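Coordinate inspection notes
Residue-level listing of the chains:
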Amino acid sequence: MAAIYANISSATTTTLITKQAKVRGDIKTITITNHDDSDSNVIQLHLYDGSTTYVIAETTIPARTTLVLSDNLSFNSYVYNLRIVTSTTADTTVIIK
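To keep things clear, this report deals only with the structure shown in the data block. (Residues numbered from 1 in each chain as written. Predicted model: local features only at pLDDT ≥ 70, side-chain atom pairs only at ≥ 80, totals over all residues. Heavy atoms only, no water.)

In terms of regular secondary structure, the protein is built from zero helices and eight strands. Taken over the C-alpha trace, the protein has a radius of gyration of 13 Å; the compact-globule value for 97 residues is 13 Å, and the two agree within 12%. Referenced to the eigenvectors of the C-alpha coordinate spread, the extents of the protein come out at roughly 40 × 25 × 20 Å. Looking at the protein residue by residue over its 97 residues, the buried ones come to 38%. Expressed as a percentage of contacts within the protein between residues at least 6 apart in sequence, the contacts between residues at least 24 apart total 79%. Averaging the coordinates of the 7 positive side-chain charges in the protein and doing the same for the 8 negative ones gives two points 14 Å apart. (Helix = DSSP H or I, 4+ residues; strand = E, 2+ residues; numbered from the N terminus. Rg over C-alpha atoms; globule rule 2.2 N^0.38 Å. Buried < 20%, exposed > 50% of the residue type's maximum accessible area, 1.4 Å probe, protein only. Contact = heavy atoms within 4.5 Å. Lys, Arg positive; Asp, Glu negative; His and termini not counted. Charge placed at Lys NZ, Arg CZ, Asp CG, Glu CD.)

In structure tokens:
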């Protein structure tokens, strides 16, 4: 899988992998970095099938901190979108490999 990069700078829901796209859901790592100097960011990573949300990670990332997820991340990308919800305007970078 080619790496996916996303820069997020608002409290929003961002689709990282769209279901039935060319990008497959065989993920090895997801790195989420909060670049803000003072604000923490509550993130929720979830799968979405169009009607139901399945939360796979929800945590607070402190300022100037990186979260690395590396275990059991693969999913059926023909059925689900992979999305992230961020709670603040802290600059956040997501890298999926």
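With respect to the helices and strands, the residue T86 is situated in strand 7 (residues 81-86). Residue classification places T86 among the buried positions, given a relative accessible area of 4%.

The subject of this paragraph is the packing of aromatic side chains. This structure, assessed with the given rule, holds one aromatic pair. Seen in terms of ring centroids, Y54 and Y80 are 5.8 Å apart; in terms of plane orientation they differ by 85 degrees. Their pairing is edge-to-face. Highlighted residues: Y54 in strand 5 (residues 53-61) and Y80 in the loop between strand 6 (65-69) and strand 7, separated in sequence by 26 residues. The cationic tip of R83 hangs over the ring face of Y48; the distance from NZ or CZ to the ring centre is 3.9 Å. (Phe/Tyr/Trp six-rings, centres within 6.5 Å; stacked < 30°, edge-to-face > 60°. Lys NZ or Arg CZ within 6 Å of the ring centre and 35° of its normal.)

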